[in-house]
Amino acid sequence: MASPLLIVSLIFVCLFSSALSSSVVTHLPGFQGPLPFYLETGYVEVDEENGGEFFYYFIESENKPAEDPLLLWLTGGPRCSAFSGLVLEIGPLKFVAAEYNGSLPSLVYHPYSWTKVSNVIFLDSPLGSGFSYSRKDEGYDANDASWSEQTYKFLIQWLVEHPQFISNPLYIAGDSYAGKIVPMVAKRVMDGIDEGKEPLLNLKGYMIGNPATGEKVDENSQIPYAHSMGIISDDFFEMIQKSCSGQDYRTPTDSQCQMYLNLFNNSFLSEINNQHILEMYCPECRLEPLHSFASTTSDKRILKENKNILQPPPFPDLRCRCYVYTLAYYWANSNIVRKALNVKKGTIKEWIRCNRHLPYAKELKSNIKYHLSLLQRGYRALVYSGDHDLMVPFSGTKQWIKALNFSIAEDWRSWHVGGQVAGYTMTYSNNLTFATVKGAGHTAPEYKPQECLAMIMRWISSALL
Ligand SMILES: *[C@@H]1O[C@H](CO)[C@@H](O)[C@H](O)[C@H]1NC(C)=O
Ligand SMILES: *[C@@H]1O[C@H](CO)[C@@H](O)[C@H](O)[C@H]1NC(C)=O
Ligand SMILES: *[C@@H]1O[C@H](CO)[C@@H](O)[C@H](O)[C@H]1NC(C)=O
């Protein structure tokens, strides 16, 4: 006779089974031969009401999958596909930057992948990013709270289906705007652990790169950074400092300050690459500033109109770093690729690397309280900053970290890779490490893959950077 417990367990398993579909991918179009790593793609339902499912790419560690950490990687934007993280930043594949001639872009193995030391889930989130979709338009209304809550839901259901990874050390990670969401997800996981929610996740900490915080310092630090890097004059800098004193640069109320900031944006910022100030400026690739749009009804109307229109992004100069971003568009929108990835038919018409057509209610709300809750409980955190990023300058990140008032365990020093300085680091008594990546831009591993892999290997094994 079946015990009530068994019946309950069976119902439980059945309920969750229907929430996930996954498949193993051994070959990818554009990549020669079988993939030299384990790749699984799939969907997890995160919004029953609207029929919303998150799409993910899961890559097992190339080292010891059973013991290595499990990393959940979110990409920023919001609504940049996690495929960006996979193919441009920390995954084991990259595009060959060759001129597009109509045939499928080629992919090759990328040796400085974080999958060398960890199992990584690349999650297309929130709904409307990459291949994640909603059957009803309402599912595309997203904000920080819904994004982090659905991500938590995803994680629980994914682990129910992959119980072999429940005991692996778990880290939540991401950069740019995802840096704002990562601590919110980690805090949600922490609360779940406190409540005894099954499965019991083995959260160890989180890592964020050039992260948004919702604090004004992210943007306010752009001016002193631009000044220190020789982009604006001493006089102009002093004029801004004087008229913008005490202002939030995202929403200045002083008209003089507003005028100076417009001048800064239109005359200085607009002609350089704000994600890496030393690299070529390619207007085709410019991302909007972190706090530039909100959810409105007109956004939704545009969404309806654009839904079935294919709008290929223009190709920039072949020398631009972002040339491969456009290659990714052609790759991901090819039918044979979608078939290989087991993308559900009739879900996403057009894959857009960073989808700006959907509403996202950005709030100028600080996430510092999430950092504090996690850090005070001893969870580990790595905050790294490409030091040539003008979007979220390292100097602003350094400021909010300092304002947490934690005591310093190890003061500012250089860290090295291959006998060269790879950046500078500082550790705090409560397991918080800050590190700059010298010469890197907004998404540090995209610019300095070898250094960033060394950084993450050392940090994961609790060694000094
Ligand atoms: C397009 O370029 C690829 C290399 O990037 C090459 O293998 C292929 O033959 C070219 N196709 C055509 C039609 O020229
Ligand atoms: C730092 O992290 C380690 C490993 O997770 C933990 O054992 C230790 O208690 C933490 N330290 C503090 C000060 O919280
Ligand atoms: C840090 O210390 C300053 C000065 O004492 C205080 O104003 C601030 O509230 C403290 N911050 C936190 C997060 O406790």
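So, how was this worked out
- Residues numbered from 1 in each chain as written.
- Chains lettered and ligands numbered in written order.
- Predicted model: local features only at pLDDT ≥ 70, side-chain atom pairs only at ≥ 80, totals over all residues.
- Heavy atoms only, no water.
- Axes fitted to C-alpha atoms, helices over the stretch in contact; angles between N-to-C directions.
- Helix = DSSP H or I, 4+ residues; strand = E, 2+ residues; numbered from the N terminus.
- Parallel < 35°, antiparallel > 145°, perpendicular 65-115°, else oblique.
- Left-handed = near helix turned anticlockwise from the far one by under 90°.
- Contact = heavy atoms within 4.5 Å.
- Nonpolar A, V, L, I, M, F, W, Y, C, P; charged D, E, K, R; others polar.
- Buried < 20%, exposed > 50% of the residue type's maximum accessible area, 1.4 Å probe, protein only.
- Near = heavy atom within 4 Å.
- Polar contact = N/O pair within 3.5 Å; in protein donor to acceptor, adjacent residues only side chain to side chain.
- Areas by Shrake-Rupley, 256 points an atom, 1.4 Å probe, with all protein chains shown as cover.
- Core = buried A, V, L, I, M, F, W, Y, C linked by side-chain atoms within 4.5 Å.
- Pairing = 2+ DSSP bridges.
- Right-handed = clockwise from strand over helix to strand, strands pointing away.

Caption draft 1: Looking closely at the packing of helix H3 (residues 144–161) against helix H4 (residues 178–194). One way to put it is that H3 packs onto H4 with a least axis distance of 9 Å and a crossing angle of 50 degrees. By the angle between their axes, H3 is oblique relative to H4. Note on packing geometry: the crossing formed by H3 with H4 is right-handed. Between H3, through Asp144, Ala145, Trp147, Ser148, Glu149, Thr151, Tyr152 and Leu155, and H4, the contact on the second element is made entirely by Ala178, Lys180, Ile181, Met184, Val185, Arg188, Val189 and Gly192. Residue classes in the contact of H3 with H4 are distributed as 9 nonpolar, 3 polar and 4 charged.

Caption draft 2: Structural detail: the side chain of Thr326. Relative to the helices and strands, Thr326 is located in helix H10 (residues 323–332). Thr326 sits in the buried class, given a relative accessible area of 4%. When neighbours within four sequence positions are excluded, Thr326 is seen to be in contact with Pro313, Pro314, Phe315 and Pro316.

Caption draft 3: Highlighting the site of ligand 3. Taken together, Leu372, Ala403 and Asn405 make up all the residues around ligand 3. The separation between a nitrogen atom of ligand 3 and a polar main-chain atom of Ala403 is 3.3 Å. Isolated, ligand 3 exposes 360 Å² of accessible area, and the fraction of that covered by the protein chains is 29%.

Caption draft 4: Region of interest: the nonpolar core. The biggest cluster of nonpolar side chains holds 138 residues, and the ones touching the most others in it are Phe154, Trp158 and Ile172. Here the element with the most residues in this core is H4; it accounts for 8 residues. Other than its neighbours up to four places away in sequence, Trp158 contacts Leu20, Glu40, Tyr56, Phe58, Leu70, Ile121 and Phe165.

Caption draft 5: Structural view of the pairing of strand S11 (residues 203–209). Within S11, 6 of the 7 residues are buried, which leaves it mostly tucked inside the rest of the structure. Pairing of strand S10 (residues 170–175) with S11, which is carried by 6 bridges, proceeds in the parallel orientation. Bridge pairing links Tyr171 to Gly205 in S11. Note that the unit made of S10, H4 and S11 has a crossover that is right-handed. The pairing of S11 with strand S13 (residues 380–386) spans 5 bridges and is classified as parallel.

Structural measurements only, silent on function.
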